[in-house]
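The chain contents come next:
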Amino acid sequence: MSSPYPLGLRLAGRRVVVVGGGVVATRRMPALLDAGADVLLVSPELTPALRAHVDAGRLRWEPRRFAPGDLDGAWLVQAAIDDPVAAAAVSEAAAERRIFCVRADDRVAATAWTPAVTRHGPVTVAVLGGGDPLRAMSVRDAVRVLLSAGRSPGATAPVAQGAPAGAPRRGGAVEGGGPAAGRVALVGAGPGDPELITVKGWRLLTEADVVVADRLVPGLLLDELRSDVELVDASKIPYGPSRAQEEINRIIVDRALAGAFVVRLKGGDPYVFGRGGEELLACAAAGVPVTVVPGVTSSIAAPAAAGIPVTHRAVAHEFTVVSGHVAPDSPASLVRWEALAGLRGTLVILMGLKNLAAITEALIAHGRPARTPAAVVQEGTTGGQRSLRSTLGAVAADVVAAGLRPPAVVVVGDVVGTLDG
């Protein structure tokens, strides 16, 4: 086979067609959206992560099977399906229109390959491994380590220690060295920017055999997983919240007991309204060792990204983080809103948009002035970040008027305007 010609595609505003709405499309979509592509997704069904992109207006979805006319006007097509007959039909339609086609089912039949990619600020490194995705990822990971350490990729450094190039690293390694299997890591992925995962969190993610991911984890992190990693979309699990969590616990424990290294990847921090404690207890009951990797929580990062410090000298000496997913008047609420209304510091509310009107009314009723500055930050630290400034008395109506939606962080307190010019 001849060597591929490396090329960086500038896709901003250009039509890209993705055929298939499963795990492969879920992993590839964030990079296309990050490149600014005008994406048309064709598939009868979608994963919840892809549905979230559709609901946010980031791409257009045709809920049906592929038709050759879908490629009219396209610059690139990705056949993210494992049906060789259907994928061949996509390839044929692309060839007729001279459009490059990436195929998940058959790299030999594809006219374009998706490289292993790492991003470091403005630098993007793409590696092709001669048809061996594991080799490409091994080299990619070594380059990322060098970039993260501030070293030139030309510096001498060992690559793929302890295994031949391209060999899968099943089970990773324990802190003291040596092989390990049948273990779990609860990893906080941060608030949305893929570069805000910790170095340790990223390292464990590259070693994982199984990744169980929430809907809010940065999609570009999933794009960098090894091709042999089993990706479990936790938001796709059926039942209500309690039953779904039981199923997530079962999946984590079962995979670990079967000898896999499982990374439970969670948006923000595992222990800040992330139910990480329940997952740790489930693993402990089954005798599965667990590593907990804290993450950057959106309760601090989202306000910071919008220019709001949660504390500031002579303005706020305290900040309180609460969940707003239960209405103040619900018997299930564990929050003492009357006590929070009496605090002088900053109040940060997560998962509170649905009940924002009731929350603001409760705070005002218990003495927090309606003129208190308030702000809402949607999708903080990501390319979709939006924010508004308001007051406690008006913020609920302003959110509706502005069309803000979850995930969003609400900030109440004088710090909202502290850094404004």
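Student: If you had to explain the sheet that holds strand β15 (residues 373-378) to someone new, which residues and values would you point to?
Tutor: With respect to topology, five strands assemble into an open sheet ordered β13-β14-β17-β15-β16, the strand pairing being mixed. In this open sheet, the two edge strands, each paired with only one partner strand, are β13 (319-323) and β16 (386-391). For this sheet, the mean inter-axis angle between neighbouring strands, taken without regard to orientation, is 20°. In this structure, β15 lies alongside strand β17 (residues 408-412), joined through five bridges in antiparallel fashion.

Student: Give a description of the nonpolar core that names residues and reports values.
Tutor: As a rule of thumb, soluble globular proteins bury nonpolar side chains together. Membership of the largest hydrophobic core comes to 22 residues, with the highest contact counts inside it found for W337, L347, L363, V376 and V399. Elements that contribute at least two residues to this core include exactly α10 (337-341), β14 (346-350), α11 (356-365), β15, α12 (395-402) and β17. Here this core gets four residues from one element, more than from any other, and that element is α11. For V399, the residues in contact, after removing those within four places along its chain, are L353, L356, V376, L388 and L404. In terms of nonpolar packing, the next biggest core, distinct from the first, is built from 20 residues, A189, I197, A208 and V211 among them.

Student: Hey, could you go over the packing of aromatic side chains for me, with residue numbers and the actual values?
Tutor: Summed over all chains, the structure comprises zero aromatic pairs. Stacked on the ring of W113, the Lys or Arg R107 has its end atom at 4.4 Å from the ring centre. The side chain of R183 reaches across the aromatic face of F261, ending 3.8 Å from its centre.

Student: Provide a residue-level description of α12, including the pertinent values.
Tutor: Residues of α12 that are buried: V395, A396 and V399. Down the axis of α12, the buried set is contained in an arc of 105°. They therefore lie on one face. Those residues of α12 that are exposed and angled more than 90 degrees off the buried face are A397, V400 and A401. Looking at the buried residues of α12, the elements they touch are α11, β15 and β16. Backbone geometry just after α12 places G403 at a positive phi near 70°.

Student: How would you summarise the environment of V416 if you had to cite specific residues and measurements?
Tutor: Secondary-structure assignment places V416 in the segment after β17. Using a relative accessible area of 3% as the deciding quantity, one classes V416 as buried. It is 8.6 Å that separates the C-alpha atoms of V416 and P303, two residues lying 113 residues apart in sequence.

Student: Describe in detail the sheet that holds strand β10 (residues 230-233), supporting the description with residues and values.
Tutor: The strand order across the open sheet formed by five strands is β10-β9-β11-β8-β12, and the pairing between neighbours is parallel. Strands with a single pairing partner mark the edges of an open sheet, and in this sheet they are β10 and β12 (290-293). Taking the axes of each pair of neighbouring strands and ignoring which way they run, one obtains an average angle of 15° across the sheet. Two strands pair when backbone bridges link them, and strand β8 (residues 183-188) and strand β11 (residues 261-266) are joined in this way by six bridges, in the parallel orientation. Bridge pairing in β11 places V187 opposite L265.

Student: Please provide a residue-by-residue account of the side chain of E379, values included.
Tutor: Within the secondary structure, E379 is located in the loop between β15 and β16. Apart from the residues within four sequence positions on either side, E379 is in contact with R58, G384, Q385, R405 and P407.

Student: Can you break down unusual backbone geometry residue by residue, with the values?
Tutor: Phi is mostly negative for residues that are not glycine, and the peptide bonds are mostly trans. The residue after P406, namely P407, is reached through a cis peptide bond having omega 0°. Structurally, P407 is set in the loop between α12 and β17. Positioned with a positive phi, R275 is a non-glycine residue whose angle comes to about 60°. Along the chain, the position of R275 falls in the loop between β11 and α8 (276-285). Assessed through its relative accessible area of 33%, R275 is described here as partly exposed.

Student: Quick one: what's the story with the pattern of salt bridges, residue by residue and with numbers?
Tutor: The full count for this structure, using the stated rule, is 26 salt bridges. Of the charged contacts in the structure, one is a salt bridge between E207 and R183, with a shortest N-O distance of 3.6 Å. Here R183 lies in strand β8 and E207 lies in helix α5 (residues 199-207), a separation of 24 residues in the sequence. Like R183, E207 is buried.

Student: Residues and numbers for the packing of helix α1 (residues 23-34) against helix α2 (residues 48-55), please.
Tutor: Relative to each other, α1 and α2 sit at 30°, their axes nearing to 9 Å. In terms of their interaxial angle, α1 and α2 are classed as roughly parallel. Two packed elements cross with a definite hand, and for α1 against α2 that hand is left-handed. Residue-level inspection shows A25, T26, M29 and L33 of α1 in contact with α2, the latter providing A49, L50 and H53. Of the residues that constitute the contact of α1 with α2, the class distribution is five nonpolar, two polar and no charged.

Student: Break down the pairing of strand β7 (residues 123-127) for me, with residues and values.
Tutor: Working note: regular strand, side chains alternate between the two faces of the sheet. Sheet topology note: the strand β6 (residues 116-120)/β7 ladder contains five bridges and is antiparallel. Paired with T118 across the strands is V125, a residue of β7. Connecting β6 to the next strand, β7, in antiparallel fashion are two residues, including G121 with a positive phi near 60°.

Student: Could you give an account of the confidence of the model for the protein chain, naming the residues involved and the relevant values?
Tutor: Here the protein chain shows a mean pLDDT of 89. Residues at 70 or above account for 90%. A low-confidence stretch, residues 152-180 stays under pLDDT 50, and its non-local contacts, those more than four residues away or across chains, total 42 contacts.

Scoring rules and cut-offs
Residues numbered from 1 in each chain as written. Predicted model: local features only at pLDDT ≥ 70, side-chain atom pairs only at ≥ 80, totals over all residues. Heavy atoms only, no water. Pairing = 2+ DSSP bridges. Helix = DSSP H or I, 4+ residues; strand = E, 2+ residues; numbered from the N terminus. Axes fitted to C-alpha atoms, helices over the stretch in contact; angles between N-to-C directions. Core = buried A, V, L, I, M, F, W, Y, C linked by side-chain atoms within 4.5 Å. Buried < 20%, exposed > 50% of the residue type's maximum accessible area, 1.4 Å probe, protein only. Contact = heavy atoms within 4.5 Å. Phe/Tyr/Trp six-rings, centres within 6.5 Å; stacked < 30°, edge-to-face > 60°. Lys NZ or Arg CZ within 6 Å of the ring centre and 35° of its normal. Arc of directions from axis to C-beta. Salt bridge = Lys/Arg side-chain N within 4 Å of Asp/Glu carboxyl O. Parallel < 35°, antiparallel > 145°, perpendicular 65-115°, else oblique. Left-handed = near helix turned anticlockwise from the far one by under 90°. Nonpolar A, V, L, I, M, F, W, Y, C, P; charged D, E, K, R; others polar. pLDDT = per-residue confidence, 0-100.

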